[in-house]
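Structure assessment
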Amino acid sequence: MGTPGRASPTPGETPAPAGPRSSAGAGLRDPLRGIIGGRSAGSLHKAFGFETVRDLVTHYPRRYASRGELSPLAALTEGEAVTVVAEVQGVRERPMRARRGTILDVRLSDGRGSLALTFFNQPWRANELRPGVRGMFAGKVSLYRGQLQLAHPDYELFDEAEGQPSETEARRWATTPIPVYAATAAIASWRIQRAVGVVLDALGELDDPVPEEIRRRHGMPGYREALEMVHRPTSDAQWRRAREALRRIEALVLQTALLERRSESEASSSVARSAAKGGLREKFDARLPYALTADQSAVGAEIEADLARPHPMSRLLQGDVGSGKTLVAVRAMLVAAESGGQCALVVPTEVLAGQHLRSIVRLLGPDLAALLEPTLVTGALSARERRTALVRIASGRARIVIGTHALFGDAVVFDDLALVVIDEQHRFGVEQRDVLRTKGRRAPHTLVMTATPIPRTIAMTVFGDLDVSTLRTMPPGRRPVQTIAVPLAEHPRWEERIWARSAEEVAAGRQVFLVCPAIDAEPAPGGRPDDDVPDDPDHGAPPPGRATLQAGIPLLPEGEEAPGVPRSSVEQVAATARSRAELAGARIGVLHGRLPAEEKNSVMEAFAAGTIDVLVSTTVIEVGVDVPNASLMVIFDADRFGLSQLHQLRGRVGRGGAAGLCLLVTRALAETPGRLRVDAVAANADGFELARIDLELRREGDVLGADQSGRRSSLRLLRVTRDGDLIAEARADAARLLAAPGGLAAHPALGAALQDRLDDIERDFLARN
Ligand code: ADP
Ligand code: MG
């Protein structure tokens, strides 16, 4: 682990290829600055972090608008997107009534009808929109004071000298798709479009990452042509074809990378670790208060067989919430630690790191704990604690190290890292895992664990570099959590029952989670960046709205209930809980990501110790938190959460003797996507089944985790949920290509694309940590 070295797909084998280079003109790796000028490059860098030509040309349009059909002015209707050919009759500038600024009114006529154009604060347009000038005007027809108008239309004026365009030319202009880019307040879509245009003009020939044979077989255009068609299509068919080609390229690069890594891992060596007779793992098993489930022992045997080989293990362990993955991990760590090796357990949150430390110390018992010195590394340690921890790790004394991302900092140096366990893999995303794994100096064995089971077909295509183990059986004595939807839209009175039920649990000596989607009260989200447009032109999915990032998990789109309804917040729910007569005397605690680390820990410890009865929190408690006495979970605005997130959350209750109950409170209306998720979770106890439903409901989501990784990702267009076939084809292509003489070395442009992908991932990782 240690230093974040430069990631390379095949260290020492393929020399870093020169990459797609232009024969003349700009290349993909050239800086933008020299091509589009410092100012535009600066804005693009600020808005998106773009630096190179490649960054910009792979910022694909989110959708395409069309100017609309050519319409006679007499036949316009409100709400229609139209293009009209007409002549300017008159122009008038007037001050705005309520605010400072001016309005420019333009009157158009086509001889049969008339139409008004309106521009706010753009008086200079009067210079070109002079009476008598003819042109084409496009926009959405609106009705203002009984009159049809176009506000801020897109237009193109006819050159008087050239005369009026033919009907065909006008039609072509009207039907050319207009790319619409993900834009920010600082940089508008049309400015991006212009910059892309300049860059495309400057771009030279590009070496194609896809070998010609594969391209021909799938009828793909060349890379250069695909970029041209995705950004400057002259028809809808063009951008559709381009997007498919670009998706295939992404799929091929991804699959080649996965297969390369797999064979690299097969070829690379690592220290074999075996369980000794009468060794640590046997001692541990002997003092376990319960028997392993059948699956726990079977998976344990698979892992031990992997560890005993002199090649690094790459195994994915999937098991539903509560299936006992931690125990499997601890047993693997004991085998790895047997011969003095060290183990790193990486978890997504500080809360979970602290909790894992406590429960692992408890599981190990005093003797083993003293021997293995479990050590915590999070960003929340004081300088002194951190130094102590680092020394213990570097000296090799700490044989079990538990931490968050902080574990991958430069300063953390292991003496002999044998095994890396990544818990709650779904929180990291596949690309982050890439980075984590490239940090290893000595090819440690790797076990990644996830509670979000992935359907087999996807596991094979996406996580194709991992072997998969599954825990299907649950530890005995666990009863499924009874889950009830509480739709307040239909039954507002049921709100009372929430509080009554909470009070009953507390009175019975048990504990309650109240989970909210937000920390403090906030106004309902306002307008969306891009109103009422599908994000994905291929599939007409609903707009993503503003996906809220909380602890790295994108919540599903907001805005599925009446506008103006604020989200339930920890602040507000805690206040309500404290004011409820039923809960008088109950000890109420609050937990969320913005609290200082010590406070988070002390609240969590108090709840675990039972000195807090009711914990009001955000999803920081989502993963792994284990408090057996907690029997009731109320999730407010449950429709705001993702399906597997709800399933994870409810897995926090019913872990002890008492049956668990989960109330999914929602104000969303029936049949909205949020309600469908809530109803699905209420109707299904099985995480595997829910994962399947999740895939069906999620049109936007991306199992690859590319969406979670934020601003930069090498996967722009590929969606595992719907591109399964295409991914499978790419996998076959990649396998054939790698097996052919010369392997990847015979395809330098593909090698370069692989390198670019790793650079992207690394850059993103470094930017965020
Ligand atoms: P997850 O797979 O969600 O991480 P955990 O590892 O947190 O699940 O285990 C859930 C609970 O089940 C814990 O309280 C753990 O102690 C308990 N447990 C694990 N294995 C067994 C077993 N074989 N028998 C009984 N209880 C078990
Ligand atoms: Mg767990």
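Scroll up to find the structure this text is about.
All values derive from a computational prediction rather than experimental measurement. (Residues numbered from 1 in each chain as written. Chains lettered and ligands numbered in written order. Predicted model: local features only at pLDDT ≥ 70, side-chain atom pairs only at ≥ 80, totals over all residues. Heavy atoms only, no water.)

A word on the overall build of the protein
So the rule is basically this: A run of H or I in DSSP counts as a helix once it spans at least four residues, and a run of E counts as a strand once it spans at least two, with each numbered from the N terminus. Between buried and exposed lies partly exposed: a residue is buried under 20% and exposed over 50% of the maximum accessible area for its type, with that area taken using a 1.4 Å probe on protein chains only. Here, residues are in contact when the closest pair of their heavy atoms is within 4.5 Å.
Check the secondary structure of the protein and you find 23 helices and 24 strands. Within the span of the protein, comprising 769 residues, buried residues form 54% of the whole. Of all intrachain contacts in the protein linking residues separated by at least 6 positions in sequence, the fraction that spans at least 24 positions is 75%.

Here we look at the environment of Leu316
Turning to its location among the elements, Leu316 is positioned in strand β10 (residues 314-319). As a C-alpha pair, Leu316 and Asp467 span 151 residues in sequence and 5.9 Å in three-dimensional space.

Examining the site of ligand 1
The cut-off we apply is this: Any residue with a heavy atom lying within 4 Å of a molecule or strand is counted as near it. Polar contacts, as counted here, are pairs of nitrogen or oxygen atoms within 3.5 Å of one another; within protein the pair requires one atom able to donate a hydrogen and one able to accept it, and residues that are adjacent in sequence qualify only if both atoms are side-chain atoms. In this analysis a 1.4 Å probe is tested at points of a 1 Å grid over the protein atoms alone, and where it fits but cannot get out there is a cavity; an open set with protein on both sides within 12 Å along at least five of seven lines is a pocket; lining residues have an atom within 4 Å of a point. Should more than half of a molecule's atoms lie within 2 Å of a pocket's or cavity's grid points, that molecule is taken to sit in it.
Close to ligand 1 lie 17 residues, the nearest being Ala291, Gln296, Gly322, Lys325 and Thr326. Note that an oxygen atom of ligand 1 is positioned 3.3 Å from one of the side-chain N or O atoms of Tyr290. Put simply, ligand 1 lies in the second largest pocket.

What about the sheet that holds strand β17 (residues 482-487)?
Which entries qualify depends on this criterion: Being paired, for any two strands, means DSSP has found at least two bridges between them. Fitted lines through C-alpha atoms give the axes, limited to the stretch in contact for helices. The angle between two N-to-C directions lies from 0 to 180 degrees.
Pairing in this open sheet of six strands is parallel, and the strands run β17-β24-β23-β18-β22-β21 from one edge to the other. Edge positions in the open sheet fall to β17 and β21 (588-591), since each of these has one partner strand only. Averaged over all adjacent pairs, the angle separating strand axes in this sheet is 20 degrees, with direction ignored. With four bridges connecting them, strand β23 (residues 630-635) and strand β24 (residues 661-666) associate as parallel partners. Across the sheet, residue Met633 finds its bridge partner in β24, namely Cys662.

Some remarks on the layout of surface pockets
Note the threshold: Grid points are joined across faces, edges and corners, and a volume is the space filled by probe spheres set on the points.
When its volume is computed, the second largest pocket comes out at roughly 980 Å³. Around the second largest pocket sit 35 residues that line it, and Tyr290, Gly324, Pro475, Asp626 and Arg655 are the ones nearest its centre. The set of elements that each furnish at least two residues to the lining of the second largest pocket consists of α9 (280-287), α11 (325-338) and α12 (350-372). Counting residues per element, the lining of the second largest pocket draws most heavily on α12, which supplies five residues.

Observations regarding the pattern of salt bridges
Should their charged atoms come close, side chains of opposite charge can pair. Just so we agree on the cut-off: When a carboxyl oxygen of Asp or Glu is within 4 Å of a side-chain nitrogen of Lys or Arg, the pair counts as a salt bridge.
Taken as a whole and assessed by the stated rule, the structure comprises 38 salt bridges. One salt bridge connects Arg331 with Asp285, and the closest N-O pair in it is separated by 2.9 Å. Taken as a pair, Arg331 in helix α11 and Asp285 in helix α9 lie far apart in primary sequence, 46 residues in all. Judged by relative accessible area, which is 23%, Asp285 ranks as partly exposed. Measuring nitrogen to oxygen at the nearest pair gives 3.5 Å for the salt bridge that ties Arg315 to Glu302. Note that Arg315 is positioned in strand β10 and Glu302 in helix α10 (residues 294-307), a separation of 13 residues in sequence. Overlapping salt bridges bring together Arg497, Arg501, Glu504, Glu505 and Arg510 as one network.

Some details on the packing of α9 against α11
Condition: Here the term charged refers only to Asp, Glu, Lys and Arg, the term nonpolar to Ala, Val, Leu, Ile, Met, Phe, Trp, Tyr, Cys and Pro, and the term polar to all other amino acids, Gly among them.
It is at 8 Å that the axes of α9 and α11 come closest, and there the two elements cross at 145 degrees. Across from Leu280, Arg281, Phe284 and Asp285 in α9, the residues of α11 making contact are Leu327, Val330, Arg331, Leu334, Val335, Ala337 and Glu338. A breakdown of the residues in the contact of α9 with α11 according to their chemical character gives seven nonpolar, no polar and four charged.

So, the environment of Gly300
For Gly300, the location among the structural elements is in helix α10. A sequence separation of 169 residues divides Gly300 from Ser469, and the C-alpha atoms of the two residues are 9.5 Å apart.

Describing unusual backbone geometry
The phi torsion at Asn121 lies on the positive side, around 55 degrees, for a residue other than glycine. Checked against the element boundaries, Asn121 lands in the loop between β5 (114-120) and β6 (134-144). With relative accessibility at 44%, the residue Asn121 sits in the partly exposed group. Within the chain, Asp637 stands out as a residue other than glycine whose phi angle is a positive 50 degrees.

A closer look at helix α17 (residues 570-579)
Worth spelling out the cut-off: Note that the arc is defined by the directions from the helix axis to the C-beta atoms.
The complete set of buried residues in α17 reads Val570, Val573, Ala574 and Ala577. Take α17 and look down its axis: the buried residues cluster within an arc of 100 degrees, on one side only. Tucked into the core, α17 has its buried residues touching α16 (494-507), β18 (511-515), β21 and β22 (614-617).

Thoughts on the packing of α12 against helix α18 (residues 597-609)
Cut-off, in case you're wondering: Any angle from 65 to 115 degrees is called roughly perpendicular, while one under 35 is roughly parallel, one over 145 is roughly antiparallel, and all others are oblique. Helix crossings fall into two classes, left-handed where the near helix is turned counterclockwise from the far one by less than a right angle and right-handed where it is turned clockwise.
The geometry of α12 relative to α18 is characterised by a closest axis approach of 10 Å and an angle of 50 degrees between their N-to-C directions. One finds that α12 runs oblique with respect to α18. Once α12 is placed against α18, the crossing between them reads as right-handed. Residues Glu350, Val351, Gly354, Gln355 and Arg358 of α12 form the contact with α18, whose own contacting residues are Ala597, Lys600, Asn601, Met604 and Glu605.

By themselves these figures say nothing about function.
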